[in-house]
Amino acid sequence: MADWEILTLREAGVTLIDCVHATPAAVESGYPYIGIPQMKDGRLDFDDARKISDADFAKWTVKAKPQMHDIVLSRRTNPGVIAPVRDSTPFALGQNLVLLRASGERVVPAFLRWLASSPPWWEQIAKFLNVGAVFDSLRCADVPNFGLPIPPRRDQEAIAELLSALDDKIELNRRMNETLEAQAQALFRDWFVDFGPVKAKMTGDAPYLAPDLWSLFPNRLDDDGVPEGWTYSTIGTEVDAVGGSTPSTKNTEFWDGDIAWTTPKDLSGLNSPILLETSRRITSTGLAKISSGLLPRGTVLLSSRAPVGYLAISEIPLAVNQGYIAMLCGGRISNFFAFLWAKQNMDLILQNANGSTFQEISKKNFRPLPVIVADEHVHRQFDSMVKPFFEKIVANELESRTLAQTRDVLLPKLMSGEIRVGDVASEELSAA
C-alpha cells in the first residue's frame, strides 16, 4: 500500500454541483435530460434520454452545466454509482444526480473517474450511506467529506492514461457493434420491408447489388403488393416459439449447477444483442422441470413481459424462464432473420401485448404475426451477408469482456499503489 496523503474531496479541490430539484416537461426533440436510468455500465446513454426544450435546458444548466471529465454521481436508487462525462455533448442533469468536478490543482480531472471507482470510494459510500425505509441515499453535504488517498499528479496521469485506454477500446467496440447491427437492420429493411431491389427493377433504376444477387429478385410486385413469388406467412409457422419456467427456488437440488438459465433481466444490461452468459445456473434436475428443455446456441430470445421487447441471440445453450418467447429457427428463416424481423416489428409485437397487472405478449398472440418469406436463394444470400456482422459483434463483445476484466483487476492495485503503471507488462495489455 502506497503512503499517499488522505484528503477529503473538498481539500482535494473536487466540487459538488447539485441538480435542479424538479423535472422538466418532455418534448419530441431537444436536449437530452440524463436521469438515473440513463447511467448504464459506467456510461451515459443519450439515446434513451428524455428530450427537453431549449428554454428548459437553459434553466436546468444554469447551476449544473456538465463539462468533459466531470463525473455524474447517483445519490439514490444506486447511490455511489458514477458515469464520466466523456465529451462535450450538452445535456441537463436529472433529479438525484450531482456533478463532481476536479479543479486540477490536487486531482487531475481525467483521474477523478478512477478515484470514484476505487475500493476506497466504496468504503466512503458505505460510511456515509443513509439507509432509508424505501431507498438508500447519499446527502450532498456528506460527499465533499469523503476521505480518499490521493496519489501524486504524475501517478494520477499515468493511471488515468492506462485505464482510460482500456475503457476507450471497450467503448469503441460498443459503438462498432451498434453500427454493425444497424447495417444488418438496414439490409433487412431494404430487402424485406421496402422491397428496394424489386422496386428499383420496376422503375428501371441501375442495379445496386452484384449481378448474381440482383438476378434473384423478381421484376414486379403482385396484386398484394409483395414481390412476385414471395408469400406472407406467420412467425409461428416459421419458427418454433417456446416458453420456459422457473424450477422451485426452494429446492436447492435445482440450482447452482452448470446449465445456463436466463430471465429477461439478463438482457436488460446488454451492450449488444448477444447473450454470452446468464446470472443464474441450474442443475440437470432443475432442467428436467422445464418443458422446453435446453435450447441450442443461436436461439432468439424475446422478453414477453416485464418488460416486453428485450431481444438477443443466445451465444450459449440455455434454458429460459416464463418471461420469454424463445424462437428456434431451423426452417426457411434463420435466427438472424428472425431477430431482425422482431426488431423491425417491435411496435406490432407491443400492440399485441395485454394484461391488467403488466403487459405481456402470449405465444397465442405472437404466433399469428405476419412475416414475409422470400425465395430460398434470397434468404440464403441474406444470411451469408449478415452473418459476418453478428460474428464480429460476438468477437467485439468477447474482447470487451477481456478488457473489462483486465481493467477491473488493475484498478484496485493501481489505486492502492500495490503496483505502478510501469509494472504493468505490455504483454499483459496486448493479451487483453
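Keep in mind that this is a model prediction, so the values were computed, not measured.

Chemist: Quick rundown of the side chain of Glu397? Include the residues and the values.
Modeler: Here Glu397 is to be found in helix α13 (residues 376-416). Buried and without a salt bridge, Glu397 has Arg401 as its closest oppositely charged side chain, separated by 6.6 Å. Separated by 3.5 Å, the side chains of Glu397 and Asn177 make a polar contact.

Chemist: I'd love a proper account of the sheet that holds strand β8 (residues 82-84), names of residues and values included.
Modeler: Read from one edge of the open sheet, 4 strands run β2-β10-β7-β8, paired in antiparallel fashion. Edge positions in the sheet fall to β2 (14-18) and β8, since each has one partner strand and no second. Neighbour to neighbour, the strand axes of the sheet diverge by 25 degrees on average, direction disregarded. Pairing of strand β7 (residues 71-74) with strand β10 (residues 97-102) involves 4 bridges; the strand directions are antiparallel. Bridging across to β10, Ser74 finds its partner in Leu97.

Chemist: Could you give an account of the layout of surface pockets, with specific residues and numbers?
Modeler: Taken as a whole, the largest pocket spans an internal volume of roughly 950 Å³. Forming the boundary of the largest pocket are 36 residues, of which Asp41, Ile170, Asn271, Ala404 and Arg407 lie nearest the centre. Of all elements in the fold, only β8, α2 (112-115), α4 (153-193), α8 (265-268), β15 (274-275) and α13 reach the threshold of two or more residues within the lining of the largest pocket. Take the lining of the largest pocket: its biggest share by element is 7 residues, from α13. Looking at the lining of the largest pocket residue by residue, the classes come out as 14 nonpolar, 8 polar and 14 charged.

Chemist: Tell me about the packing of helix α10 (residues 335-344) against α13, and name the residues and values.
Modeler: With their axes 9 Å apart at the nearest point, α10 and α13 run at an angle of 80 degrees to one another. Taken together, the axes of α10 and α13 are roughly perpendicular relative to one another. Residue-level inspection shows Phe336, Phe337, Phe339 and Leu340 of α10 in contact with α13, the latter providing His379, Phe382, Val386, Lys387 and Phe390.

Cut-off values and rules
Residues numbered from 1 in each chain as written. Predicted model: local features only at pLDDT ≥ 70, side-chain atom pairs only at ≥ 80, totals over all residues. Heavy atoms only, no water. Helix = DSSP H or I, 4+ residues; strand = E, 2+ residues; numbered from the N terminus. Buried < 20%, exposed > 50% of the residue type's maximum accessible area, 1.4 Å probe, protein only. Lys, Arg positive; Asp, Glu negative; His and termini not counted. Salt bridge = Lys/Arg side-chain N within 4 Å of Asp/Glu carboxyl O. Polar contact = N/O pair within 3.5 Å; in protein donor to acceptor, adjacent residues only side chain to side chain. Pairing = 2+ DSSP bridges. Axes fitted to C-alpha atoms, helices over the stretch in contact; angles between N-to-C directions. 1 Å grid on protein atoms, 1.4 Å probe; cavity = no way out; pocket = protein on both sides within 12 Å on 5 of 7 lines; lining within 4 Å. Points joined across faces, edges and corners; volume = space filled by probe spheres on them. Nonpolar A, V, L, I, M, F, W, Y, C, P; charged D, E, K, R; others polar. Parallel < 35°, antiparallel > 145°, perpendicular 65-115°, else oblique. Contact = heavy atoms within 4.5 Å.

Keep in mind these values describe shape, not function.
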